[in-house]
Structure formats: structure tokens, C-alpha cells
Amino acid sequence: MKSMQLTGLIGRPVTHSWSQTLFNALYESEGIDAIYISIDLTEKNLGRFVKFSRKDFLGYNVTAPHKVSIRRFLDQEDPVSSRTGSVNLVKNNSGELKGFNTDYAGFMSSIKTNGVDFNGKRILIAGTGGTFRTVTDILIHDFSPSGISVQSRNPEKAAKNVPGYAKEFGNEIITAEEAEKRGAFDVFINCTPVGTFPDMEVSPFSDSVISEGATGIDMVYNPPETEFMKQIISRKGKAVGGRDLFISQAVESFRILFDRDIERGAFERALEGGQ
């Protein structure tokens, strides 16, 4: 008799994540004999967990702060993970672990659904973690923005995390104060966890830097409408929340883990029913 399949999410923290709710509701509605668990994992224990996962896990999603550091424990990775240096899904193939980047497909799907075009736009990004690497890769290889700036509290430290290909395209890392002086950005992208439940009354961007009619894209999906999104809406701009991206990358994760496609609507229904 085939045993129940174990899937999950690793990161720190993971209490805000909808993944456990979403996937378990989906498994139940689709009659899939699997369970999804969320594991709050320190960097110190990452290697030990990966070793354990070779035997017991079908696969698992990876969130901050492990999207970059997990790569050294894996046997293979897909081309997008290699290019971006970021993994957010691990699949176990008989003890061999392969890393995937489903954030790429999720972000592309989300911006197409919401009619966002980065061509010719001045863009300001907050954060330089794994999600930033994926977003920057998309901006550079799939679009032609007029400029990309990266906002960080510690530009020197952040510079070490910017992929080489991004530096070649003239990315500049600036403080929030410098961003305010520059002004006139067309698109703002939040690749940090700032604004995530339960600390929801904060935004990575100051009110004074956000332009009238600008587009704002938030990777945070809990809450569905963040403080950052409210800032964009108050200036009559287009606000794109993290919920679309979250569902899109979940659909891609399911396809890779179970080797089968599932309609997006099944995930949306599962998320609504599970909350």
C-alpha cells in the first residue's frame, strides 16, 4: 500500500504563510493522499533538514531566508534557478534533490494577468533577497526598462547579493533617502517581507517617494491589501498584490511535484474554502 506523500514549506518565519492551508485544502478537495506542513527552520539546521528530506519528502517549497543558501545542498537545479541563484521549490527524485524556481513563472503570470508593462519604465525595487534575484532577471531579460534602482538600508552589504548580470545592466543600490531625492519612478516593487502579517501597518517605501499614477507590485500576500498597496491606490495608481503571484507559483509547484497539471481555479477555490 502506498504511503501518504509528505510535502511542505521551509523558511523562517512561516507562520504568515497560506501554503499549508492552500495545499491541504487542495489535497482534500482533489482526493490526493498527501499532507503539507510548514517548518520554521533556522539556517544552522538547513543542511540537517535537507539530508532528512531525501528519505521522507516528495518535495517542499522554500521561502526566505533559505532561497539562496539551500542551493549548496542540492544535486541539480533547473536553468532558471542557476541563472537567478534562487530556489523556491525542491523535488525529491528517489533521493536526488533538484531545485526549481517557480517564482519566475508566478511573477510572469501575475504581471500578464494584470497588464503590467516594464518597457521604458523607471523602476525602484525594495529588497535584495531571493525574490529580488528572480524579479531582476525578468526585468532584464524579458523587458527593456529605462532604469532599475534598488533601495536598501545597507547598500554595501546589499551589493554583495546582486547577481553579476544585474550589475552589468547598470543597477544602482541606493538608500530610501536617496530614492526620495531621485523621485519620478514609474514602478515600485516590494521584494521584502515588510508589511506581512502581523506587522501590517508598515511599507518599504515612504509616502513622499511614490509618484502619482505609479504601478506598485507587492510580493507580500498576507494581508491581501498591504500598506504599500494602499499608498499606491491613494495616488490613483495600479496596485498588484502578492495573491496572484502566490497562486500562480503554487500551480507551478503542484505541476512539478505531482507531474500533472491542475487548473488555477482549483487553487483559488481551495484558498477561499480553507481560510
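The structure under discussion appears in the preceding block.
First, a word on what this report is: a plain description of the structure on this page.

Definitions and cut-offs
Residues numbered from 1 in each chain as written. Predicted model: local features only at pLDDT ≥ 70, side-chain atom pairs only at ≥ 80, totals over all residues. Heavy atoms only, no water. Helix = DSSP H or I, 4+ residues; strand = E, 2+ residues; numbered from the N terminus. Buried < 20%, exposed > 50% of the residue type's maximum accessible area, 1.4 Å probe, protein only. Pairing = 2+ DSSP bridges. Right-handed = clockwise from strand over helix to strand, strands pointing away. Axes fitted to C-alpha atoms, helices over the stretch in contact; angles between N-to-C directions. Parallel < 35°, antiparallel > 145°, perpendicular 65-115°, else oblique. Left-handed = near helix turned anticlockwise from the far one by under 90°. Contact = heavy atoms within 4.5 Å. Nonpolar A, V, L, I, M, F, W, Y, C, P; charged D, E, K, R; others polar.

**Looking at unusual backbone geometry**
Geometrically, the link from F197 to P198 is a cis peptide bond, its omega value of 5° lying close to zero. One can find P198 in the loop between β10 (187-190) and β11 (215-218). Put simply, N222 and P223 share a cis peptide bond, and its omega is 15°. Phi at S94 takes a positive value of approximately 55°, unusual for a residue other than glycine. Among the structural elements, S94 can be located in the loop between β5 (89-93) and β6 (96-100). Residues other than glycine seldom take positive phi values, yet K236 does so here, at roughly 60°.

**Observations regarding the pairing of strand β1 (residues 5-11)**
Extensive coverage of β1 is indicated by the burial of 5 of its 7 residues. Relative to strand β2 (residues 34-40), β1 runs parallel, the two sharing 7 bridges. By the bridge assignment, L6 is partnered in β2 with I35. In terms of handedness, the path from β1 via helix α1 (residues 19-30) over to β2 forms a crossover that is right-handed. Summarising the sheet, β1 and strand β3 (residues 59-62) pair through 4 bridges and their orientation is parallel. Within the sheet, the bridge partner assigned to G8 lies in β3 and is Y60.

**Some remarks on the packing of helix α4 (residues 102-113) against helix α5 (residues 130-142)**
The relative placement of two packed helices comes down to the angle between their axes together with the axis-to-axis distance. Between α4 and α5, whose axes approach to 10 Å, the crossing angle comes to 55°. If you check the angle between α4 and α5, you find them oblique. Seen along the crossing, α4 lies across α5 with a hand that is right-handed. Along its contact with α4, which presents D103, Y104, F107 and M108, the element α5 presents T131, T134, V135, D137, I138 and D142. Split by residue class, the contact of α4 with α5 holds 5 nonpolar, 2 polar and 3 charged.

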